[in-house]
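# Understanding the architecture of this molecule
Next come the chains, spelled out residue by residue.
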Amino acid sequence: MTHIVAYIGSRNPRSQTVRAVRQTKAALDRILPVTWSILTPHDMTILPSDGTADEFFTGVDHIAESGDDDSSTMKRLIETCDYLILGTPTYGHNVSGDMKILMDRLTYWTHLIRLSNKPGMAFVSATTNGFLEVGVLMEQFMESLGVVIGETAYHTTAAPFDETSAENVAYRISEVITNLRTQPVLTPSERQEQMFRAYRRMYRRRADDDYEARYWHEHGMLDCATMQEYFARVAQQEH
C-alpha cells in the first residue's frame, strides 16, 4: 500500500503546519487507501550536523551509524516512502531550527540526488510574512534531493489552510499517486535537469576513488545523458 511520510519541524502542540497535514490526511483517506507516518521532533530526535562534512567524502553518516539519534530510522522512512511531505513554520523568514537540522543532515544526499523520481511537496505556515521565501527554500531543497514537487501548501493568518484547501491538496496528491501506477517515471523540472548535467560533468572528471563519483558510476548516473533518463532507470529498478 502507498505510504506517505510527513516530517514537520515544529514542537508547537498547536502547530498549524501539523494541523494542515492532518486535514490533508483526512481528506485523502476519503479518496485513496494509503498509510501515513506524520512525525515531528517529539517523535524523532535528529541531532545537528557536527560540521565535519565527512559524509560527502565517505558516504557514511557517522552520527546515524552511532545510534545516538533517530536519524537512521528517519532517513530509511524518507527513502522508502512513496510520497514525501516536509513541513515547517516560518521563523524569521526561514525554516524552523528542527527543519534546518534535518536539511543539514540530508545535504550530502543532494550531491547523490538520492530521492530521484520520488513525488512530494512542502507545507509552510506563518503568522505574518516570510512564508513565500520559506516556500521557495523548501522547494529548492526538495528538488535538489531529486523530489518532483507539487505546489507548496501554505497556512497564514490572512489565508488559513481550511477544509477546502485540504481537499484540493489531497486531490492533487491522489492524482500523482494514481498516475504513478501506470506512469512510474516522473518528469524532472528544468532546474533539476540543469543540476544533473552540471554534476555529471563534474563527476566524470573525478578520480575513481572519489566516493561521490563512484556512487554516480555504480548507480548508472554517468551513463544517463539527462535526469529524465535517470528517473526512468530508477523507476525500472524499483519495479
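Let us look at the structure shown here.

Thresholds applied
- Residues numbered from 1 in each chain as written.
- Predicted model: local features only at pLDDT ≥ 70, side-chain atom pairs only at ≥ 80, totals over all residues.
- Heavy atoms only, no water.
- Helix = DSSP H or I, 4+ residues; strand = E, 2+ residues; numbered from the N terminus.
- Buried < 20%, exposed > 50% of the residue type's maximum accessible area, 1.4 Å probe, protein only.
- Contact = heavy atoms within 4.5 Å.
- Areas by Shrake-Rupley, 256 points an atom, 1.4 Å probe, with all protein chains shown as cover.
- Lys, Arg positive; Asp, Glu negative; His and termini not counted.
- Charge placed at Lys NZ, Arg CZ, Asp CG, Glu CD.
- Core = buried A, V, L, I, M, F, W, Y, C linked by side-chain atoms within 4.5 Å.
- Phe/Tyr/Trp six-rings, centres within 6.5 Å; stacked < 30°, edge-to-face > 60°.
- Axes fitted to C-alpha atoms, helices over the stretch in contact; angles between N-to-C directions.
- Parallel < 35°, antiparallel > 145°, perpendicular 65-115°, else oblique.
- Nonpolar A, V, L, I, M, F, W, Y, C, P; charged D, E, K, R; others polar.
- Expected span 1.5 Å × (residues − 1).
- Polar contact = N/O pair within 3.5 Å; in protein donor to acceptor, adjacent residues only side chain to side chain.

When helices and strands are counted, the protein shows 10 helices and six strands. With respect to the three principal axes, the spread of C-alpha positions in the protein is 50 × 40 × 30 Å. Relative to its full complement of 239 residues, the protein shows a buried share of 50%. Sequence separation of 24 or more characterises 78% of the internal contacts of the protein that already satisfy a separation of 6 or more. Carbon and sulfur atoms provide 49% of the accessible area of the protein, an area that totals close to 11,600 Å². Across the protein, the 23 positively charged side chains and the 32 negatively charged ones have centroids separated by 2 Å.

Another aspect to go through is the nonpolar core. Of all hydrophobic cores here, the largest spans 28 residues; its most connected members are Y7, M74, L84, L86, M99 and M138. Going through the elements one at a time, β1 (3–8), α4 (71–80), β3 (83–89), α5 (97–112), β4 (118–126) and α6 (131–144) are the ones with two or more residues in this core. The leading source of residues in this core is α5, at six residues. When sequence neighbours within four positions are dropped, the list of residues in contact with M99 reads Y7, G9, L86, G87, T88 and M138.

A few words now on the packing of aromatic side chains. Counting across every chain of the model gives nine aromatic pairs. Relative to Y154, the ring of F131 lies with its centre 5.6 Å away and its plane at 65°, an arrangement referred to as edge-to-face. Highlighted residues: F131 in helix α6 and Y154 in strand β6 (residues 153–156), separated in sequence by 23 residues. The rings of F196, Y199, Y203, W216 and Y230 are connected pair by pair, giving a single aromatic cluster.

Between helix α8 (residues 190–205) and helix α10 (residues 227–238), the least distance of the axes is 9 Å, while the angle of their chain directions is 90°. When the axes of α8 and α10 are compared, the pair comes out roughly perpendicular. Every residue of α10 that contacts α8 at Q192, E193, M195 and F196 is listed here: M227, Q228 and Y230. When grouped by side-chain class, the residues that make up the contact of α8 with α10 number four nonpolar, two polar and one charged.

Right, let's talk about helix α1 (residues 16–29) for a bit. Across its 14 residues, α1 extends 20 Å between first and last C-alpha, which sits within 8% of the 20 Å expected from 1.5 Å per residue. Taken residue by residue, α1 has T17, V18, A20, V21, Q23, T24, A27 and L28 as its buried positions. Buried residues belonging to α1 abut β1, β2 (35–39), β3, β4 and α7 (163–180). Where α1 starts, the residue carrying a side-chain oxygen 3.2 Å from the main-chain nitrogen of T17 turns out to be S15.

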